[in-house]
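Residue-level structure breakdown
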Amino acid sequence: CFFLLFSPIVPRDRHAVWASRKFTSPTDIISTVEFNHTGELLATGDKGGRVVIFQREQESKNQVHRRGEYNVYSTFQSHEPEFDYLKSLEIEEKINKIRWLPQQNAAYFLLSTNDKTVKLWKVSERDKRPEGYNLKDEEGRLRDPATITTLRVPVLRPMDLMVEATPRRVFANAHTYHINSISVNSDYETYMSADDLRINLWNFEITNQSFNIVDIKPANMEELTEVITAAEFHPHHCNTFVYSSSKGTIRLCDMRASALCDRHTKFFEEPEDPSNRSFFSEIISSISDVKFSHSGRCIMTRDYLTVKVWDLNMENRPVETYQVHDYLRSKLCSLYENDCIFDKFECVWNGSDSVIMTGSYNNFFRMFDRNTKRDVTLEASRENSKPRAILKPRKVCVGGKRRKDEISVDSLDFSKKILHTAWHPSENIIAVAATNNLYIFQDKVN
Amino acid sequence: MNPCPYFFLLGKGHGGSFRLLSPSVFWSSDLQLRKRGPGGGPHLLCRYSVPGLRLPPSSGLSPAYQGAGRGQGAGRGQGAQRAAVTRRRRKNMAGAAGPATGSGAAGGDGDDSLYPIAVLIDELRNEDVQLRLNSIKKLSTIALALGVERTRTELLPFLTDTIYDEDEVLLALAEQLGNFTGLVGGPDFAHCLLPPLESLATVEETVVRDKAVESLRQISQEHTPVALEAHFVPLVKRLASGDWFTSRTSACGLFSVCYPRASIAVKGEIRQYFRSLCSDDTPMVRRAAASKLGEFAKVLELDSVKSEIVPLFTNLASDEQDSVRLLAVEACVSIAQLLSQDDIEALVMPTLRQAAEDKSWRVRYMVADKFSELQKAVGPKITLNDLIPAFQNLLKDCEAEVRAAAAHKVKELCENLPMEGRETMIMNQILPYIKCPEVRLNIISNLDCVNEVIGIRQLSQSLLPAIVELAEDAKWRVRLAIIEYMPLLAGQLGVEFFDEKLNSLCMAWLVDHVYAIREAATNNLMKLVQKFGTEWAQNTIVPKVLVMANDPNYLHRMTTLFCINALSEACGQEITTKQMLPIVLKMAGDQVANVRFNVAKSLQKIGPILDTNALQEEVKPVLQKLGQDEDMDVKYFAQEAISAVAQRLRKLDFPVKDSEEPSAPGADKNHFLRPRGPGEDTGKAQRDRVARVASKEAAETAQFRGPGTAKGPAYQLHVNTRDTLPQLDTAEIVLFLPKHRLISRI
């Protein structure tokens, strides 16, 4: 099973990634991780509104073992803290989501969003610089206009590669509630942004208009029983999208049927098991993330304790259910008290949809092989992340006597949580955000 | 109003938030190099004054510039001489004579006329976007000064790599290059312009790309057939097989300009490239290809259209993405225009039928939107057999957007039907399908046009139920729209029919619970009286209006006053004095202050119509009594009315005792603490009274309030139509499509 062989990739200028974050401040906490469509770039967003983009080094023949390192490519401040004077609300700069656009020319484009505003960024390279002025010499001294006898046209000369990030569009003022998801449509022309109660559709070219396609706000807010927790477009069908709710249900909508998608086409819900019913049932059934598989045939949802895979053609129950940390079921009460029960874990597919990865506590993250039904718990920590060492599977001991190498449920550190992970679209390279550290692992070949 | 502002329709070439910094006509074509006259306009070139260069005052550069660029002007006196030099060069360029004057200009005799050009060149790289933009817009001047050879070998290579700039600059550059052929040495060298335009055709900004394509199309016409195949066609191929989809989308627009002039072999290749773009992996490219399909079909040989374009069209029309399918509908029009009736039936109609019943409402919307074009393209026979049934379905589509789009086309559809049997067709095949309110509203708004096609009598009979239904619609915006069509309807229908069917509606609106409706109803009455005359008013309208003066609801009593204000002029002196005035005067004793001060306002309004006797004998005493009212506002308006009346009486030489004439409003600070105009907020006193009245009158108005007006009379009292109008304008969008939610940033 290959995922037992993950080894960390240590960036060459690790200084930039790890060391600078040694003295951590809350703004350093990574809030989203996303590979682009080729996997060449990896973007992270943090609580301080910064976006850091890593680029994979080209493989070189003489350094076989150093293949595929990711080094910092560009860093920019995407969002700034703001204050809504009308509502007396602070708007955090925290990046909630980053989504890459399909590549359209030599530049890269990504969408980043905080609670209220989505921005479209262009990240481009420049390796030439114009030289030669008419009115001043090479040192910048002004020339006497009388001495100008010939005109000089600037000439472009090669220079050190410069990466620029420029904001291309700002899509603001369309969300009353906090944006939790953005998703790019496969028509390459539109994207949607979802907040707690509404989903809006935008055109990339138009910033002053968006269309509200879903609105679940009841006329009377006291009747509010559920909120939208995540939303995503189908990877190939431009008319289809899904959104999940805090009640553990998923709705699939077809934009062909109507301009407004308040009425869903499909409704995925698993009947509740009465024997498991408890005070926390509703909280832990809330879906924190929904993802279409790359094939577009399945959707995966993450709730507090499990990951479920649904077939698009079967609405009444999931085809697969994986327990992420079932041992926490007995600890829900204390997790409720320290608010951990409201943590929003994300989940990802691997490139071929055969493996699922999601995070847990104590810097653990879990992988499930859908074919062999094997699963593994790995830990992202600096101590056991020596370059080219293979990650050791970890085990949590559930009651009884604790064996060597096992960790007891009571000694799990709930402040170290892995909420955000990403999987390279075609290779077995994963990125794991553990609070303020980013770990990149790769499966070991040979 | 675009009934469906869905942006997929705007996508193509729509600027979005993109904004030009100044009009693009700035200086591109009619470059004028004139002598700077004494006291001539401000220097428009930035930072340095440039003698000899002056722009027409209407050049539209922002004022910020004008202040910026004075001083430093070297040698003004020589301006005339230099201008002459430049003008001569200009002449050469205009003739596109070839590389004649180029070296002379650049090699120069050290004259400082190079200075302004040097500034322009340096500012191509200035940090300030505006300055760069300014320089780019004067690119022709730079090229002129450099001469054709240096333009080709130095300027263009530099520009080719300047695609990192702001959109505004790139757009200006793309536009400039389209008119550059003369500046690079004429048609023989037109191909030199291809590299910079090629790189502009790959940028991400649609507007810039589109402009680059436009310029490329322009330049292609200047290529000789040989140069076209040697330079232009390879460029199209390069773009069409580019790695990134932006270049492939740009390629789509270039096929139709190079195809007609290419040789047979190359034509085959071009078709091949177009075919592959139609089945590109990227929907953006397929969309671009679909939107250019019609244009490309027009330049193809008929055989190729049938054998190649039609299959492509069929494929695109059944694309898995509806955003592609909807563009195929447009292509349908141009393809149908090229084919014979039989071919249309065999090759186009199956696809079109399918599109009209597409699963996606956006595709059906496009069919509805393009309906009259389609109708013209396919001819009357197919229209009758195929399109009319399809149209019936679109009119009863399950999606409101589609229905509304179809309804907009009813007029054109009817006009384009053959004269023979037109009326029966409309009556039997179209009108019965017009069911939903918003569709009928659209019909009514086009009533006068439809009326030209078929008789009003017939039309009104089928529309009347709709009008009645809409007149009572729950949404007041719909009611308002209907009211606005009433005078038009009345004019078409005639008095008799109107009295019989619509009069009661007009009266019912007067007691509507929304102020805007009551106000519109009042204006409506005035227009009706203008149409039907005073006698009609006296018999039908006035009695009903006056009865409302005794209504328990003060809002309705006020409506009587508003009606009187509106009607008095149209009704003339006799009716006003005999019938209206007594009622107004009686209302001066109303218990609600709002009514009382409106009485004062009404009296002021109708004063000019009344004869002087009535003014002196009846109006004045009442106003004077109101002038002593306990309420501030009543007092205020009464005083205003008194002074107006007094003025009129004095004009008519009526004796007015000085003591009776009050001081002008606002003059006496003791009485008028807050001078107010009638439209202004009358301050706290009024608000207090509003609250007071609101509670007092709440009970009696409750019966008129719909569920939506929770705010009650207080709200309506506050409504000043002038204040609410901007708000109403934004609501306009949702009028026809109440379901549609549009979020507009304000």
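Residues numbered from 1 in each chain as written. Chains lettered and ligands numbered in written order. Predicted model: local features only at pLDDT ≥ 70, side-chain atom pairs only at ≥ 80, totals over all residues. Heavy atoms only, no water.

Check the Sequence similarities (unreviewed entry) section of the UniProt entry for chain B; it says "Belongs to the phosphatase 2A regulatory subunit A family." (UniProt positions renumbered as here; feature names shortened; annotations may be inferred.)

In the nomenclature of an unreviewed UniProt entry, chain A is known as Serine/threonine-protein phosphatase 2A 55 kDa regulatory subunit B of Capra hircus.

Attention now moves to the overall build of chain A. For chain A, the helix and strand inventory stands at 3 helices and 32 strands. In chain A, which comprises 446 residues, the share counted as buried stands at 56%. Put simply, of all contacts in chain A between residues at least 6 apart along the chain, 54% involve residues at least 24 apart. Total accessible area computed for chain A in this model is approximately 19900 Å², and 48% of it derives from carbon and sulfur atoms. (Helix = DSSP H or I, 4+ residues; strand = E, 2+ residues; numbered from the N terminus. Buried < 20%, exposed > 50% of the residue type's maximum accessible area, 1.4 Å probe, protein only. Contact = heavy atoms within 4.5 Å. Areas by Shrake-Rupley, 256 points an atom, 1.4 Å probe, with all protein chains shown as cover.)

This next bit is on the overall build of chain B. Secondary structure assignment for chain B yields 38 helices and 1 strand. When burial is assessed residue by residue, chain B has 56% of its 746 residues classed as buried. Partitioning the contacts of chain B with sequence separation of at least 6, the portion at a separation of at least 24 is 69%. Within the structure as shown, chain B displays about 31600 Å² of accessible surface, and the carbon and sulfur contribution to it stands at 51%.

Listed as interface residues are 62 residues of chain B and, on the opposing side, 62 residues of chain A. On the surface where chain B and chain A come into contact, there are 24 residue pairs in polar contact (both at pLDDT 80 or more). Elements with a contribution of two residues or more to the side of chain B that touches chain A: helix H3 (102-107), helix H4 (114-123), helix H6 (139-160), helix H9 (206-220), helix H11 (245-252), helix H14 (283-299), helix H16 (322-338) and strand S1 (742-744) of chain B. (Polar contact = N/O pair within 3.5 Å; in protein donor to acceptor, adjacent residues only side chain to side chain.)

Residues and elements named next belong to chain A. With respect to topology, 4 strands assemble into an open sheet ordered S20-S21-S22-S23, the strand pairing being antiparallel. Because the sheet does not close on itself, it has two edges, and the strands there are strand S20 (289-292) and strand S23 (320-323). Across the sheet, the axes of successive neighbouring strands diverge by a mean angle of 15°, strand direction being ignored. Relative to S23, strand S22 (residues 306-311) runs antiparallel, the two sharing 4 bridges. The partner of Val309 across the bridge, within S23, is Glu320. (Pairing = 2+ DSSP bridges. Axes fitted to C-alpha atoms, helices over the stretch in contact; angles between N-to-C directions.)

Residues and elements named next belong to chain B. With 130 residues, the main nonpolar core has Phe232 and Ile335 as its most contacted residues. With 11 residues, the top contributor of residues to this core is helix H19 (residues 371-395). Apart from the residues lying within four places of it in its own chain, the contact partners of Phe232 are Leu194, Leu216, Ser220, His223, Ala227, Leu254, Val257 and Cys258. Core analysis: the next-biggest nonpolar cluster, separate from the first, contains 76 residues, Ala521, Phe597, Val619 and Leu626 among them. (Core = buried A, V, L, I, M, F, W, Y, C linked by side-chain atoms within 4.5 Å.)

Moving on, we come to the packing of helix H15 (residues 302-317) of chain B against helix H17 (residues 341-356) of chain B. Residues and elements named next belong to chain B. Relative orientation of the contacting elements H15 and H17 amounts to 10°, with a least axis distance of 10 Å. What the angle tells us is that H15 and H17 run roughly parallel. Note on packing geometry: the crossing formed by H15 with H17 is left-handed. Contact residues: Lys306, Val310, Phe313, Thr314 and Ala317 in H15; Asp343, Leu347, Val348, Thr351 and Gln354 in H17. (Parallel < 35°, antiparallel > 145°, perpendicular 65-115°, else oblique. Left-handed = near helix turned anticlockwise from the far one by under 90°.)

Tracing the backbone shows Arg248 of chain B in helix H11. With residues near it in sequence (within four places) discarded, Arg248 of chain B still touches Leu239, Ala240, Gly242, Asp243, Leu277, Asp280, Thr282 and Val285 of chain B.

Moving on, we get to a nonpolar patch on the surface. A contiguous nonpolar surface patch, about 340 Å² in accessible area, is contributed by Phe279, Tyr336 and Phe342 of chain A. Here Tyr336 of chain A is to be found in helix H3 (residues 332-337). (Patch = residues over 30% accessible without salt bridge, like charges linked within 9 Å, V, L, I, M, F, W, Y side chains within 5 Å. Salt bridge = Lys/Arg side-chain N within 4 Å of Asp/Glu carboxyl O.)

With that settled, the discussion passes to the pattern of salt bridges. Enumeration over the complete set of coordinates arrives at 50 salt bridges over all chains. Here Arg168 of chain A and Glu204 of chain B are joined by a salt bridge, their closest N and O atoms 3.4 Å apart. Of the two residues, Arg168 of chain A is situated in strand S11 (residues 155-171) and Glu204 of chain B in the loop between helix H8 (194-200) and H9; the pairing between them involves two chains. The pair Arg168 of chain A / Glu204 of chain B is uniform in exposure class, with both members buried. A salt bridge links Glu308 of chain B to Arg271 of chain B; its shortest N-O distance comes to 2.9 Å. Of this pair, Glu308 of chain B sits in helix H15 while Arg271 of chain B is found in helix H13 (residues 264-278), placing the two residues 37 residues apart along the sequence.

A few words on helix H31 (residues 554-571) of chain B. All names here are of chain B. Between its first and last C-alpha, H31 extends 25 Å over 18 residues, near the 26 Å set by a 1.5 Å rise per residue. Residue Asn565 marks the point of greatest curvature in H31, where the axis turns by about 30°. With 15 of its 18 residues buried, H31 lies for the most part within the structure. The distance from a side-chain oxygen at the start of H31 to the backbone nitrogen of Leu555 is 2.8 Å, and the residue carrying that oxygen is Asn553. Just downstream of H31 lies Gly572, where phi reads positive at about 90°. (Expected span 1.5 Å × (residues − 1). Bend = angle between axes of the 7 residues up to and from the residue.)

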